[in-house]
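Descriptive structure summary
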Amino acid sequence: MRYRVVRIDEDIDFGCEERKEGIPVMAVVLLEDENGNQQHIRQIDQYLYDNDINEGDQVQFTAGGELIKVM
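So, a few notes on the structure that sits alongside this text. Bear in mind the structure is a predicted one, so any value in this text is a computation, not a measurement. (Residues numbered from 1 in each chain as written. Predicted model: local features only at pLDDT ≥ 70, side-chain atom pairs only at ≥ 80, totals over all residues. Heavy atoms only, no water.)

1. A few points about unusual backbone geometry
The backbone of Asp 52 shows a phi angle near 50°, a positive value even though the residue is not glycine. Among the secondary structure elements, Asp 52 is positioned in the loop between α1 (45–50) and β4 (58–61). On the basis of relative accessibility, which here comes to 44%, the residue Asp 52 falls in the partly exposed class. (Helix = DSSP H or I, 4+ residues; strand = E, 2+ residues; numbered from the N terminus. Buried < 20%, exposed > 50% of the residue type's maximum accessible area, 1.4 Å probe, protein only.)

And the structure:
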């Protein structure tokens, strides 16, 4: 199934502590499927940059559960 990336926000909820050293910066990604259903996922922020995934892009999940951009 294809999804549209509606919004990407930095995940700043670390509870009562700071982000621990060595833990990657995460993003909260709001996805919308072809039927208009929305879901939030957490994704490593650098992964989104490395794979050029931005708001408005069409994406899907691989069989292994990775988010990939659909051209």
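2. Here we look at the packing of aromatic side chains
All told, the structure shown has one aromatic pair when counted by the stated rule. With a centroid separation of 5.6 Å and 80° between ring planes, the pair formed by Tyr 3 and Phe 61 is classed as edge-to-face. Taken together, the residues Tyr 3 in strand β1 (residues 2–10) and Phe 61 in strand β4 connect sequence positions 58 residues apart. (Phe/Tyr/Trp six-rings, centres within 6.5 Å; stacked < 30°, edge-to-face > 60°.)

3. Things to note about the sheet that holds β4
The strand order across the open sheet formed by five strands is β3-β2-β1-β4-β5, and the pairing between neighbours is antiparallel. Edge positions in the sheet fall to β3 (38–44) and β5 (67–69), since each of these pairs with one other strand and no more. On average, adjacent strands in this sheet sit at an angle of 45° to one another, irrespective of strand direction. (Pairing = 2+ DSSP bridges. Axes fitted to C-alpha atoms, helices over the stretch in contact; angles between N-to-C directions.)

4. Topic: the environment of Val 59
Here Val 59 lies in strand β4. Once the C-alpha coordinates of Val 59 and Leu 31 are considered, the two residues, 28 residues apart in sequence, prove to be 8.7 Å apart. What Val 59 contacts, discounting residues up to four positions off in sequence, is Met 1, Arg 2, Tyr 3, Val 5, Leu 31, Ile 53, Leu 67, Ile 68, Lys 69 and Val 70. (Contact = heavy atoms within 4.5 Å.)

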